[in-house]
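Listed below are the residues making up each chain.
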Amino acid sequence: MHYFKTEGSRLVCLLCAHYCHLKEGQIGICGVNQHVDGTIKNLVYGHPVAMHIDPVEKKPLYHFLPDTRAFSIGTIGCNFKCPFCQNWSISQEKSLHVKEYFAPQQIIEMALKYECASIAYTYNEPTIFYPYAKDIAILAHEKGMKNIFVTNGFESSEVIDDMVGIIDAANIDLKSFNHDYYKKELGGGLETILENLKHFKRNGIWIEVTTLIVPTKNDSDEELNSIASFIAKELGVETPWHISAFHPDYHEQGLPSTSVETLKRAEAIGRKAGLKHIYIGNVGLENPTRCVTCNAVLITRKRFEVMENYLVDGCCPKCNTKLTGVFDE
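Here the structure is a predicted model, which means the values were calculated and not measured. (Residues numbered from 1 in each chain as written. Predicted model: local features only at pLDDT ≥ 70, side-chain atom pairs only at ≥ 80, totals over all residues. Heavy atoms only, no water.)

Some details on the overall build of the protein
- Helix and strand counts for the protein come out as eight helices and 16 strands.
- A compact globule built from 329 residues should have a C-alpha radius of gyration of about 20 Å, and the protein, at 19 Å, falls within 12% of that.
- Along the longest, intermediate and shortest principal axes, the C-alpha atoms of the protein span 60 × 45 × 35 Å.
- The buried share of the protein, reckoned over its 329 residues, is 56%.
- Long-range pairs, those at least 24 residues apart, make up 65% of the contacts in the protein between residues at least 6 apart in sequence.
- Accessible area for the protein stands at about 14,300 Å²; split by element, carbon and sulfur atoms hold 49% of it.
- Between the averaged position of the 33 positive side-chain charges in the protein and that of its 40 negative side-chain charges there is a distance of 3 Å. (Helix = DSSP H or I, 4+ residues; strand = E, 2+ residues; numbered from the N terminus. Rg over C-alpha atoms; globule rule 2.2 N^0.38 Å. Buried < 20%, exposed > 50% of the residue type's maximum accessible area, 1.4 Å probe, protein only. Contact = heavy atoms within 4.5 Å. Areas by Shrake-Rupley, 256 points an atom, 1.4 Å probe, with all protein chains shown as cover. Lys, Arg positive; Asp, Glu negative; His and termini not counted. Charge placed at Lys NZ, Arg CZ, Asp CG, Glu CD.)

Dropping the structure here:
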């Protein structure tokens, strides 16, 4: 894809749904894409500031290549301004410090060295470094690895279409169901997020949804029901919903951590909305995956570790019902 289009003397960046109109020398909301000499220069291309080997369950993805490793990378910058961001030290960093350059091929070599089944673009918002992610992802496919986006869901529609055949799975945040909260506090738009969730689904990219439950911000029964109902009706009742506990961080130091009672209340609301796979994160609870037909336990986990995987070719060993997800490397 072209990462920009021209409008008069300005370039419109096509990497995310802000569609920043940039004059010569201007940098977008993300802090890392700049209009330079008639093109959009991705200032963090080749400069990851975080690289780790994670279990894929930590992304979190529970129905995508369980019990495998993901080589995870992130850069500085973000197109959101979430006041509770747990990676704020890199996502909200706007000063570009030149780091060691890692060509896409070097990322692939490291991932292969550590026997990773996938590359995860994560820690900050990956759509803002999509040119780098895409070049890595194409090479990853050539080596038999899959690609994962861990994202706030505020991509441009152009990027989501370009992802087809390149990005295999995404964990997408649905942070709230409040239009004003998204706009004023987070820096995005709820309508865009909802449409993009459906767009990912239409494009055949495996998706799992995460909601960080922040006390007093998005934890009412009404809002949780709206989120769960949207997932059930628009994405499908077998779409995994990860409901995660907030802990005080960044600008939200004055709020309490999310209680287990609140998380279980959210789980009950999700069950009532029809969701079949709900997982509670950040509080150390067990999160088994069960068969939607006979309720047999298919996968058991302890934190981010798979303890037992009873699937047979992606199916329940008792009734042969296929579990939704991606289980073949």
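So, next bit.
What about the packing of helix α6 (residues 190-202) against helix α7 (residues 221-235)?
- The N-to-C vectors of α6 and α7 enclose an angle of 35°; their axes lie 11 Å apart at closest approach. The handedness of the crossing between α6 and α7 comes out as right-handed. Listed contacts from α7 to L194, L197, K198 and K201 of α6 are F230, E234 and L235.
- Tallied by class, residues from the contact of α6 with α7 come to four nonpolar, no polar and three charged. (Axes fitted to C-alpha atoms, helices over the stretch in contact; angles between N-to-C directions. Left-handed = near helix turned anticlockwise from the far one by under 90°. Nonpolar A, V, L, I, M, F, W, Y, C, P; charged D, E, K, R; others polar.)

A closer look at the sheet that holds strand β6 (residues 50-55)
- If you walk across this open sheet you meet the eight strands as β6-β7-β8-β9-β10-β11-β12-β13, and the pairing is mixed. Looking at the sheet topology across the chains shown, the edges are occupied by β6 and β13 (278-281). Within this sheet the neighbouring strands show an average axis-to-axis angle of 20°, counted without direction.
- Pairing analysis gives four bridges linking strand β8 (residues 118-121) to strand β9 (residues 146-151), with the strands arranged parallel. Within β9, the residue paired with I119 across the bridge is N147.
- Contacts between helix α2 (residues 104-113) and the sheet are confined to β6, β7 (69-74) and β8, with β7 contributing the most and set at about 150° to the helix. (Pairing = 2+ DSSP bridges.)

A word on the packing of aromatic side chains
- A full pass over the atoms with the stated rule returns nine aromatic pairs.
- Here the aromatic rings of W88 and Y250 are separated by 5.2 Å at their centres, their planes lie at 10°, and the arrangement is stacked. Of this pair, W88 sits in helix α1 (residues 88-91) while Y250 sits in the loop between β12 (241-245) and α8 (260-272); the two residues are 162 residues apart in sequence, bridging distant segments of the chain.
- When the centroid spacing of 6.2 Å and the interplanar angle of 55° are considered together, the rings of F177 and F230 count as tilted. Linking F177 in the loop between β10 (169-173) and α5 (179-186) with F230 in helix α7, this pair joins segments that are 53 residues apart in sequence.
- The exposure class of F177 is partly exposed, given its relative accessible area of 25%.
- On the basis of relative accessibility, which here comes to 8%, the residue F230 falls in the buried class.
- What links up through ring pairs into an aromatic cluster is the set Y3, Y121, Y130 and F149. (Phe/Tyr/Trp six-rings, centres within 6.5 Å; stacked < 30°, edge-to-face > 60°.)

Looking at the side chain of E155
- Tracing the chain through its elements places E155 in the loop between β9 and α4 (157-162).
- Buried and unpaired, E155 has K175 as its nearest opposite-charge partner, separated by 11 Å.
- Within the structure, the side chain of E155 is placed 2.6 Å from the side chain of T151, a separation counted as a polar contact.
- Not counting the four nearest positions on each side in its chain, E155 is found in contact with L15, C16, A17, E125, T127, F149, I160, M163, N196 and F200. (Salt bridge = Lys/Arg side-chain N within 4 Å of Asp/Glu carboxyl O. Polar contact = N/O pair within 3.5 Å; in protein donor to acceptor, adjacent residues only side chain to side chain.)

Examining the domain arrangement of the protein
- Structurally, the protein comprises domain 1 (42-285) and domain 2 (287-328).
- With 19 residues of domain 1 at the contact, the number on the domain 2 side is 17 residues.
- Contact between domain 1 and domain 2 buries roughly 1,700 Å² in total, counting both sides, with carbon and sulfur atoms accounting for 58%.
- Of all residues in domain 1, the largest losses of buried area upon contact with domain 2 belong to Y62, H63 and P66, amounting jointly to 27% of the total for that side.
- On the surface where domain 1 and domain 2 come into contact, there are zero salt bridges.
- One can count eight residue pairs in polar contact (both at pLDDT 80 or more) joining domain 1 with domain 2. (Domains from an automatic or database assignment. Buried area = accessible area lost by both parts, 1.4 Å probe.)

Quick notes on the sheet that holds strand β1 (residues 4-7)
- Here we have three strands laid out as an open sheet, ordered β1-β2-β3, and antiparallel in their pairing. Both edges of this open sheet fall to β1 and β3 (21-22), since each of them pairs with a single strand only.
- Of the pairings in the sheet, the one linking β1 to strand β2 (residues 10-13) comprises four bridges and is antiparallel in character. Following the sheet pairing, F4 is matched in β2 by C13.

Some points on the pattern of salt bridges
- Throughout the structure, instances matching the rule amount to seven salt bridges.
- For D221, the salt bridge goes to R265, with nearest N and O atoms at 2.5 Å. Here D221 is found in helix α7, whereas its partner R265 is found in helix α8, with 44 residues between them in sequence.
- The salt bridge involving R271 is made with E267; its shortest N-O contact spans 3.5 Å. Linking R271 with E267, this pair stays in helix α8, spanning four residues, or about one helical turn.
- Here the salt bridges do not stand alone but share partners, grouping E195, K198 and R202 into one network.

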